[in-house]
Amino acid sequence: MGFLDTLLGRSKPARPQLDQLFALPSAAVTLEAAAGFTPTGQGSVCFASVEGGAFAGLQREVRDLLDADTERGGIPVEFSQDAYGFTWLLTQHAPDDVAGLVNDLHAVNTTLRDGGFGPQLLCSLLSFRDDQDRSLALVYLYKRGTFYPFAPLSGGVDKRDNGLELQTRALLTDDLRIEKDLGRWFPVWGAPGL
């Protein structure tokens with residue numbers, strides 16, 4: 001940061017630490033023990049697509065990397081677009097393989113970042129469900145380097161279970177770097193895997 005940036009009050013955004021994703025298996029154990037939420041085996045990465053051959057090649061590279069085990073029974077990754085035009089990559093593992101799922105999420109984020117497309121990354125999420133069939137996701141905000149819980153209410157309405165989100169925040173403060181600004185706890189309606 002230069003002198004003019006300091007004088008004008010500009011700041012550089014914090015560089016995200018993708019290795020924070022590796023704290024998710026520990027958080028999953030905490031969620032299951034304290035709140036009865038178990039992993040679904042699904043995780044996704046959201047990014048803004050870019051036109052051009054370089055980005056298309058990078059998407060193919062990500063697909064090839066994550067689909068390498070499909071011949072041994074692995075589930076192929078799925079790409080989809082949401083109503084806002086963002087691209088979602090959904091990866092799936094056995095529900096008890098949170099570490100493998102996190103490795104996939106980390107690989108996608110790292111590949112896109114190292115390919116020069118870090119600014120296109122928006123978030124990654126890991127999905128959970130409890131015995132009452134309530135959904136919960138732990139969302140990693142790429143640009144902030146923080147996590148927050150997202151708990152959509154069932155029934156097809158765009159409403160959240162704010163109480164569950166706050167309870168989850170309290171449970172996971174020792175496991176994850178939780179986003180302190182509640183205004184940044186954006187809803188991810190219709191995210192694959194939720």
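1. Re the pattern of salt bridges
In this structure the tally under the stated criterion is 6 salt bridges. Notably, a salt bridge pairs Asp 133 with Arg 129, separated by 3.7 Å at the nearest N-O pair. For the salt bridge of Arg 144 with Glu 179, the shortest nitrogen-to-oxygen distance reads 2.9 Å. Of this pair, Arg 144 sits in the loop between β5 (135-141) and β6 (146-150) while Glu 179 is found in the segment after α5 (162-172), placing the two residues 35 residues apart along the sequence. For Arg 144, a relative accessible area of 33% corresponds to the partly exposed category. According to the relative accessible area criterion, Glu 179 is buried, its value standing at 3%.

2. Here we look at the pairing of strand β2 (residues 78-81)
Direction of pairing for β2 relative to strand β3 (residues 87-92): antiparallel, over a ladder of 4 bridges. Looking across to β3, one finds that Gln 81 is bridged to Thr 87. Hairpin connection from β2 to β3: 5 residues lie between these consecutive antiparallel strands, with Gly 85 at a positive phi of about 90°.

3. Brief notes about the sheet that holds β2
The strands that make up a sheet pair up through hydrogen bonds in the backbone, lying either parallel or antiparallel. Strand order in the open sheet formed by 6 strands is β2-β3-β1-β4-β5-β6, and the pairing between neighbours is antiparallel. Unpaired on one side and paired on the other, β2 and β6 mark the two borders of the sheet. Looking at each pair of strands side by side, their axes are set apart by 25° on average, direction ignored. Contacting β1 (38-47), β4 (121-129), β5 and β6, helix α2 (residues 24-35) crosses the sheet at an angle of about 155° to β5.

4. Focus: the side chain of Thr 146
Examined against the element boundaries, Thr 146 turns out to sit in strand β6. For Thr 146, a relative accessible area of 5% gives the class buried. Beyond its immediate sequence surroundings of up to four residues, Thr 146 is in contact with Val 139, Tyr 140, Leu 141, Arg 177, Ile 178 and Glu 179.

5. Here's the deal with the nonpolar core
Membership of the largest hydrophobic core comes to 46 residues, with the highest contact counts inside it found for Leu 24, Phe 128, Leu 138, Val 139, Leu 176 and Val 188. Residues within four places of Leu 138 in sequence aside, it is in contact with Leu 24, Ala 27, Leu 31, Ser 124, Leu 125, Leu 126, Phe 128, Tyr 148, Pro 149, Thr 168, Leu 172 and Leu 176.

6. Here we look at α5
Helical periodicity: at 3.6 residues per turn, an α-helix aligns residues three or four positions apart in one direction. Among the residues of α5, Leu 164, Glu 165, Thr 168 and Leu 172 are the ones counted as buried. Taken down its axis, α5 places every buried residue within 100° of arc, on the same side.

7. So, the packing of aromatic side chains
In this structure the tally under the stated criterion is 3 aromatic pairs. On the numbers, 5.0 Å between centres and 55° between planes, the contact of Tyr 140 with Phe 147 is tilted. When the ring of Tyr 148 is compared with that of Trp 185, the centres are 6.1 Å apart and the planes differ by 20°; the resulting orientation is stacked. Of the two residues, Tyr 148 is situated in strand β6 and Trp 185 in the segment after α5; the sequence distance between them amounts to 37 residues. Considered together, Tyr 148 and Trp 185 belong to a single accessibility category, that of buried residues.

Definitions and cut-offs
- Residues numbered from 1 in each chain as written.
- Predicted model: local features only at pLDDT ≥ 70, side-chain atom pairs only at ≥ 80, totals over all residues.
- Heavy atoms only, no water.
- Salt bridge = Lys/Arg side-chain N within 4 Å of Asp/Glu carboxyl O.
- Helix = DSSP H or I, 4+ residues; strand = E, 2+ residues; numbered from the N terminus.
- Buried < 20%, exposed > 50% of the residue type's maximum accessible area, 1.4 Å probe, protein only.
- Pairing = 2+ DSSP bridges.
- Axes fitted to C-alpha atoms, helices over the stretch in contact; angles between N-to-C directions.
- Contact = heavy atoms within 4.5 Å.
- Core = buried A, V, L, I, M, F, W, Y, C linked by side-chain atoms within 4.5 Å.
- Arc of directions from axis to C-beta.
- Phe/Tyr/Trp six-rings, centres within 6.5 Å; stacked < 30°, edge-to-face > 60°.

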